[in-house]
Amino acid sequence: MSWDVAVEILEGRSEYNSWEYAYIRDAIRNNCSKGSQAYEYYRMKLYDLSGKDEL
């Protein structure tokens, strides 16, 4: 999944499907430095959508 698509889902502009969780998680890992403000922001967005916190 591209970073742009992941951000659209995380920001609520595209519908989230539970099967996309791993793809979005990996997009965050690959595009944000762990511990950075962006990483934490998108980690919480993903948690809000999925209820999972596996980053």
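Here's what I pulled together on the structure shown here. (Residues numbered from 1 in each chain as written. Predicted model: local features only at pLDDT ≥ 70, side-chain atom pairs only at ≥ 80, totals over all residues. Heavy atoms only, no water.)

Core analysis: the largest hydrophobic core is formed by 13 residues, its most contacted members being Leu 10, Tyr 16, Ile 24, Ile 28, Tyr 42 and Leu 46. Among the secondary structure elements, those contributing two or more residues to this core are helix H1 (3–10), helix H2 (21–31) and helix H3 (37–50). Excluding residues within four positions of it along the chain, Ile 24 makes contact with Met 1, Ala 6, Ile 9, Leu 10, Tyr 16 and Leu 46. (Core = buried A, V, L, I, M, F, W, Y, C linked by side-chain atoms within 4.5 Å. Buried < 20%, exposed > 50% of the residue type's maximum accessible area, 1.4 Å probe, protein only. Helix = DSSP H or I, 4+ residues; strand = E, 2+ residues; numbered from the N terminus. Contact = heavy atoms within 4.5 Å.)

Looking now at the packing of aromatic side chains. Evaluated as defined, the whole model comprises 3 aromatic pairs. For the pair Trp 3 and Tyr 42, a centre-to-centre distance of 5.2 Å together with 85° between the ring planes defines the contact as edge-to-face. Within this pair, whereas Trp 3 is found in helix H1, its partner Tyr 42 is found in helix H3, the two being separated by 39 residues in sequence. When the ring of Trp 19 is compared with that of Tyr 23, the centres are 6.3 Å apart and the planes differ by 80°; the resulting orientation is edge-to-face. Assessed through its relative accessible area of 45%, Tyr 23 is described here as partly exposed. The rings of Trp 3, Tyr 41 and Tyr 42 are connected pair by pair, giving a single aromatic cluster. Here Lys 52 stacks its cationic end above the ring of Tyr 21, 4.7 Å away from the centre of that ring. (Phe/Tyr/Trp six-rings, centres within 6.5 Å; stacked < 30°, edge-to-face > 60°. Lys NZ or Arg CZ within 6 Å of the ring centre and 35° of its normal.)

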